[in-house]
Amino acid sequence: MIRSIRVLVLLSGVTGIAIPVFAQANDTRALQTAADSALRRAVETISEADFRAKLGALAHDSTRGRETPSLELERATEWVAAHFRAAGLRPEGDAGSYLQRFQLRHTQLDSLTTVSVSGREFSVTWTLGSEITHAVGGLPVELDAVPLVLLAGIPADTLRPFGDVSVQGAAILHVIAPDQLRGSLLNPVHIRANAEGAVAHIVAIELPAERWTQLVRGSFPDRWEVVGVAARDGDRRLSVFGLQLGAASDLLRAVGEDPTTLTKPTGQGVRPLNGFAISVTPHYTVVQEPTVANVVGVLEGSDPNLREEAIVFTSHMDHVGVIPGRCRPSEVVSADSVCNGADDNASGTVGVIELAEAYAALPSRPARTLIFAAMTAEERGLCGSRFYVDHPVVPLDRTTAVINLDMIARNPRDTVGFLGKDYTSLGALIDSLIHEHPELHLMPTEHAGRYGGSDHYPFAQRGVPALFFFSGEHDDLHTAADNPERADAEQAARIVQLAFLVGLEVANAVDRPIWDPEARKDIVVH
C-alpha cells in the first residue's frame, strides 16, 4: 500500500530534520539511510581545514584588528556578506543587501562634569579631573538631589555591608584608608551597592599627588551608543568615583563627622546623611558619529507554521585594532602591533559562516527559520546586537532562541565552554547531545565571566532564551598574541558541529526552549 509518511532523520540518535516523502513502508529504512547520509555530509562541511582557512583570512594582519569604526572593519563586513551570499542566504539588510546599517555616537566625558552636595545651608561642588575622578563601572548619569549615605571603612559583613540602612536610589560616600584601595576589598561592597539599587559609589581617599594624577588621566572615558536606541534599565552599571578626602573634609564636618577618625576602626560604620543630597551633572563632548553595519542573512524554514518562528545565530566581527589604542602588546609576540582577534571573535564569526553553509547544504531545510547575524561594534558596548533587537528580522516574541558564538578557538583541550549554560533548557539539550555524540570528544565547561558581556545579552534581556558558547578569558585576550596560529581550529570545528546539532534540534522541536525561573528573574527586563 502506498501512503504518505514523514521520515524523522536521526544522526547518531539525535533528532534532525523532517523530510516528507511518498514511499512504500518497506522503503522507509532506505529513505532514512539516504537522509542520514545527507545530514552527515552537511555536518562534515564544518571542517578543520575550512575553519582554519577562514580564520586566517578574517584575522589576518591586513584587517588590522577590525576596529570600530575602520576601513578594515568595513572590508571584513563585506567579506562576511560575500560568504552569506555564496551560501545562498536571503539578504535581510537594507535595500536588498546583507548590511543592516546604523549610526553610532562616540562621545567623551569631559571636565565640565560636576558632582555637588547641598544641605543645611551648606553646599560644595567638585569638578571632574580636579577634586573628583571617574574610576570604574558605568559612565555617570544625571542625578538630581538624591539621598547620601556615608560608609566608613570596609564592612566585615560583605553580604550586608550596609546593614539596615537602605541605599536604594542613594549615592554612597565611602571613606577608606589608602591601604584599603584594593579590588578584593572594594568589589564586594560595589557589587552589593549595585544589587541594592545605589546610583553612585564615591570612594573618598587621601592619595599622594602622583597617584591622584594617574587617576585623573583615566577620568575621561569614551561612551559609544546607538543613535535612536534607548538604554534599558538592565544595561546600566553603577558608577564609581574617586574623591580626594581633603576635598570632602568640609562636607564631613558639616554633617558632624571628624574626617581624621573615619579611616580608623572606631569611626567605621554606615549611616544616612539626613538633610543632605547629591547631584551629578555629566557632560560629554561629541567625538564622531560613524555609520557601521551588521551582516544579516536568512534561511527560511520549511514548516508552514513554524517558519514564522526563528533561531538567531550571532557572533561579532569587530575587535580592538592596533597598538597603541585598546590593543595591548604581548611578550609572546613582542614585535607584533596588531590585535588580530582570532579567538575574539573571528572564531565565532567563522563559526556562524560555517553554520550557514552547513544548514544550506541540507537536502531539506529545518522547520523554523534560521537567521545568521554577524554583529558589529560589540567591543563598543554590544551596539550591533542592541540595534538588531530593536530592528529584528523576525519579532522577538517569535524568536525561539539565540545561539551566540564568542571565543570558541581557545577552549582547554576536548572541552566546550559556556557561560550561563543552564539559565535555560538549552543547557540540558547540550548535555544530552554531548552524551549522544561521543565522537565530538567535548566536555561541557562553565567558565567565569560577565554574562552580559556579549551579543546574546540584549536578546536575553528581551526574554529570548540564549546559549552562549565561550572559551573563557585567557592571557592573550585583547593582545597582539590572539592570532590564528594560536587557535585550535580542529577543536573549534567540533564545537561548531555541536552548535549545528543544537540549532537543528531547536529548529525542529515542537516545544520552544524555556528559561530557568530564577535566571529569568535576574536577566529579563520587563
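Asker: How would you explain the packing of helix H2 (residues 48-58) against helix H11 (residues 489-508) if you had to name every residue and give the values?
Answerer: The contact between H2 and H11 brings their axes to 8 Å, and the two run at 110°. The angle between H2 and H11 falls in the class roughly perpendicular. Side by side, H2 and H11 meet where Glu48, Phe51 and Arg52 of the first sit next to Ala489, Glu490, Ala492, Ala493 and Val496 of the second. Split by residue class, the contact of H2 with H11 holds five nonpolar, no polar and three charged.

Asker: Residue-level account of the sheet that holds strand E5 (residues 114-119), with values.
Answerer: The strands that make up a sheet pair up through hydrogen bonds in the backbone, lying either parallel or antiparallel. Taken together, the eight strands give an open sheet; going across it, the order is E6-E5-E13-E8-E9-E10-E12-E7, and neighbouring strands pair in mixed fashion. The strands lining the two open edges of the sheet, one partner per strand, are strand E6 (122-127) and strand E7 (132-137). On average, each strand axis in the sheet is tilted by 30° relative to the strand beside it, whichever way the strands run. With seven bridges connecting them, strand E8 (residues 143-152) and strand E13 (residues 269-281) associate as antiparallel partners. Residue pairing across strands places Val149 opposite Pro272, the latter belonging to E13. The strands touched by helix H4 (residues 183-195) within the sheet are E8, strand E9 (171-175), strand E10 (200-205) and strand E12 (239-244), with E9 carrying the most contacts at an inclination of about 165°. Lying on the sheet, helix H6 (residues 245-254) is in contact with E5, E6, E8, E9, E10, E12 and E13; it crosses E12 at an angle near 90°.

Asker: So what's going on with the packing of H2 against helix H7 (residues 342-360)? Which residues, and what values?
Answerer: H7 packs onto H2 with a crossing angle of 130° between their chain directions and a minimal axis gap of 9 Å. For the element pair H2 / H7, the angle class is oblique. Between H2 and H7 the crossing geometry is right-handed. Across the interface between the two elements, Asp50, Phe51, Lys54, Leu55 and Leu58 of H2 pack against Ala342, Ala346, Ser347, Thr349, Val350, Gly351, Ile353, Glu354 and Glu357 of H7. Per-class residue counts for the contact of H2 with H7 are seven nonpolar, three polar and four charged.

Analysis parameters
Residues numbered from 1 in each chain as written. Predicted model: local features only at pLDDT ≥ 70, side-chain atom pairs only at ≥ 80, totals over all residues. Heavy atoms only, no water. Axes fitted to C-alpha atoms, helices over the stretch in contact; angles between N-to-C directions. Helix = DSSP H or I, 4+ residues; strand = E, 2+ residues; numbered from the N terminus. Parallel < 35°, antiparallel > 145°, perpendicular 65-115°, else oblique. Contact = heavy atoms within 4.5 Å. Nonpolar A, V, L, I, M, F, W, Y, C, P; charged D, E, K, R; others polar. Pairing = 2+ DSSP bridges. Left-handed = near helix turned anticlockwise from the far one by under 90°.

Everything listed is a geometric property; what it means functionally is a separate question.
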